[in-house]
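Residue-level structural notes
Here are the chains, one letter per residue:
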Amino acid sequence: MNYKKTELYFLLFFLIIIFIIAFFIFKPFLFSLILAIIFTTVFSPLHKKILSVFKNNDWLAALLTTISVLIVIIIPISFVGTQIFQESTLLYTSITNGSVVTNFTDKIDENIQSLNKFLTIPINYSFDISYYLKQGLGWLTQNLGILFANVGKTLIGIFVFLIALYYLFKDGLKFKNAIIALSPLQDIHDEKIFSKLALAINSVIRGNLTIALIQGILTAIGFSLFGVPNATLFGTVAAIAALIPGVGTALVTIPAIAYLYLNGEILYSIGLLFWGMLAVGLVDNLLGPKLISKRTKLHSFLVLLSILGGISLFGPFGFLLGPLVLSLLFALLEIYSTLNNESKNQ
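Treat the numbers as computed from the prediction; the structure is a model and nothing was measured. (Residues numbered from 1 in each chain as written. Predicted model: local features only at pLDDT ≥ 70, side-chain atom pairs only at ≥ 80, totals over all residues. Heavy atoms only, no water.)

Brief notes about the side chain of Ser306
Mapped onto the secondary structure, Ser306 falls in helix α12 (residues 300–314). Setting aside its immediate chain neighbours within four residues, Ser306 contacts Gly318, Gly322, Pro323 and Leu326. (Helix = DSSP H or I, 4+ residues; strand = E, 2+ residues; numbered from the N terminus. Contact = heavy atoms within 4.5 Å.)

Dropping the structure here:
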C-alpha cells in the first residue's frame, strides 16, 4: 500500500512538472486557443446545420464553418480595427496639437457664459475637454497598438486560431469526452459545467455583445449620415457605452448632438437626436429579449466591467476573454453550490 502511495505521489509530482512545462509551451498561443473555443461554442449551431447538409462529412463541415467564421468575423474585425486605430491616432495627434477641441471648447464657454445673463448665481466654469479625450484615446491607442505593433505575431496568432477552430469543429466532441474522462468529478457534473459554460458564453457573446455591437454600428452610421467626424471610432465607443445600464449610447450621441448644434448644424443635430432615439434606442427593447437567454442573463454592468478589465489584462482581445472568464466564474459557482448542497443532504 505504501509503495502504491509513493508511486502515486511521484506520478502527481512528475505530472505537475510536465504540466507547467506544457503551459509555457502553449502560452504564446493561449489567447488564440481560448478564442477558438469561444467561437466554436458560438458557431456550433451553424456547424451542426452544415454537418447535416453534407451528411456528417466531418472535415468538410468543419472547413466550411471555419471559412464562414473567417469571412463573417475575422476579416471585418481586421478592417474595423485598423480604421479605429488610424482614427484614434490621428485624433490624438490633433488634440495634442490643439487643433481640434480649441474652437469647440470656446463655443461651449461662450454658451455657458451667455447663461449668466439669465441666472442670478454666477457660474465659475472651466471645461478642458482635451484632457479627457487625450486620456481616453491614449488608452485606446495603447491597447490597439499592441495588436498592430507586431504584424508577424498577429498573423501567427490568427493562423493558430483558424487551425484550432477547424479541429475543434471537427473533433470537439472527442476533446470534450477526453476531458470528462480525466476529470475527477462525476460525469454528470462535468456535463453540467460544459452546458452551463456554453449557455453563459452564448448569452454574453450572442446577447449583450451582439446588441452592443448593433447599437455601435447604427451609431456610426448615424454619425456618418449627419456629419460627425471619426464615425468608426465613436461608434466603437458607443458599443462599449451601450453596456452601461441606464446610460447606453447616449453617453456618445448626446455630445455629438451638442457638437453639431454648437457648430450651427441645427437640422443635423435634430436628425441625429431622432436617429439615436429610434434606430439605436429601440434595438435593446426589440432584440434584447430574443438574444439574451433568461436562464443565464448576466447584468450589463458586470459585462461592461469584464470587457474593460479584459482589455486591460489581455489586450485588444480582452473584450471576448473578459466575459468568458465571467461566464466561467458563474458557471463554476453554480456547480459548487450544487455540490455543496448535495454534500449537506447526505
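Additional details are given in the paragraphs that follow.
Here we look at the confidence of the model for the protein chain
Reading predicted coordinates in detail is not appropriate for stretches of low pLDDT. The predicted model of the protein chain has a mean per-residue pLDDT of 75, with 71% of residues at 70 or higher. When mean pLDDT is compared element by element in the protein chain, helix α3 (residues 44–53) scores highest at 87, while helix α5 (residues 101–115) scores lowest at 55. (pLDDT = per-residue confidence, 0-100.)

A word on the environment of Gly235
Of note, Gly235 is situated in helix α9 (residues 231–241). On the basis of relative accessibility, which here comes to 4%, the residue Gly235 falls in the buried class. When the C-alpha atoms of Gly235 and Thr253 are compared, they prove to be 9.4 Å apart, with 18 residues separating the residues in sequence. Beyond its immediate sequence surroundings of up to four residues, Gly235 is in contact with Gly216 and Ala220. (Buried < 20%, exposed > 50% of the residue type's maximum accessible area, 1.4 Å probe, protein only.)

Quick notes on the packing of aromatic side chains
Applying the stated rule across the entire model yields 6 aromatic pairs. A centroid spacing of 6.1 Å and a plane angle of 10° characterise the contact between Phe10 and Phe14, whose relative ring orientation is stacked. Of the two residues, Phe10 and Phe14 both sit in helix α1 (residues 2–26), 4 residues apart, roughly one turn of that helix. Residue Phe10 is classed as exposed on the basis of its relative accessible area of 56%. Judged by its relative accessible area of 47%, Phe14 is partly exposed. (Phe/Tyr/Trp six-rings, centres within 6.5 Å; stacked < 30°, edge-to-face > 60°.)

Topic: the nonpolar core
Residues Ile38, Phe39, Phe161, Ile205 and Leu209 are the most contacted members of the largest nonpolar core, which totals 31 residues. Among the elements of the structure, α2 (30–42), α4 (58–97), α7 (151–182), α8 (187–225), α12 and α13 (318–345) are those that each provide at least two residues to this core. Apart from residues no more than four positions distant in its own chain, Leu209 is found in contact with Val204, Leu243, Val303, Ile307, Phe319, Leu320 and Pro323. If you look at the next biggest cluster of nonpolar residues, it comprises 11 residues, including Phe223, Val252, Ala256 and Leu272. (Core = buried A, V, L, I, M, F, W, Y, C linked by side-chain atoms within 4.5 Å.)

A few points about the packing of α2 against α8
Helix packing for two helices is described by the angle between their axes and how far apart those axes are. The geometry of α2 relative to α8 is characterised by a closest axis approach of 9 Å and an angle of 85° between their N-to-C directions. Classified by the angle their axes make, α2 and α8 are roughly perpendicular. On α8, the residues that touch Ile38, Thr41 and Val42 of α2 are Ala198, Ile201, Asn202, Ile205 and Arg206. Considered class by class, the residues forming the contact of α2 with α8 number 5 nonpolar, 2 polar and 1 charged. (Axes fitted to C-alpha atoms, helices over the stretch in contact; angles between N-to-C directions. Parallel < 35°, antiparallel > 145°, perpendicular 65-115°, else oblique. Nonpolar A, V, L, I, M, F, W, Y, C, P; charged D, E, K, R; others polar.)

A look at the environment of Ile254
One can find Ile254 in helix α10 (residues 250–262). In this structure the C-alpha to C-alpha distance between Ile254 and Leu272, which are 18 residues apart in sequence, comes to 9.1 Å.

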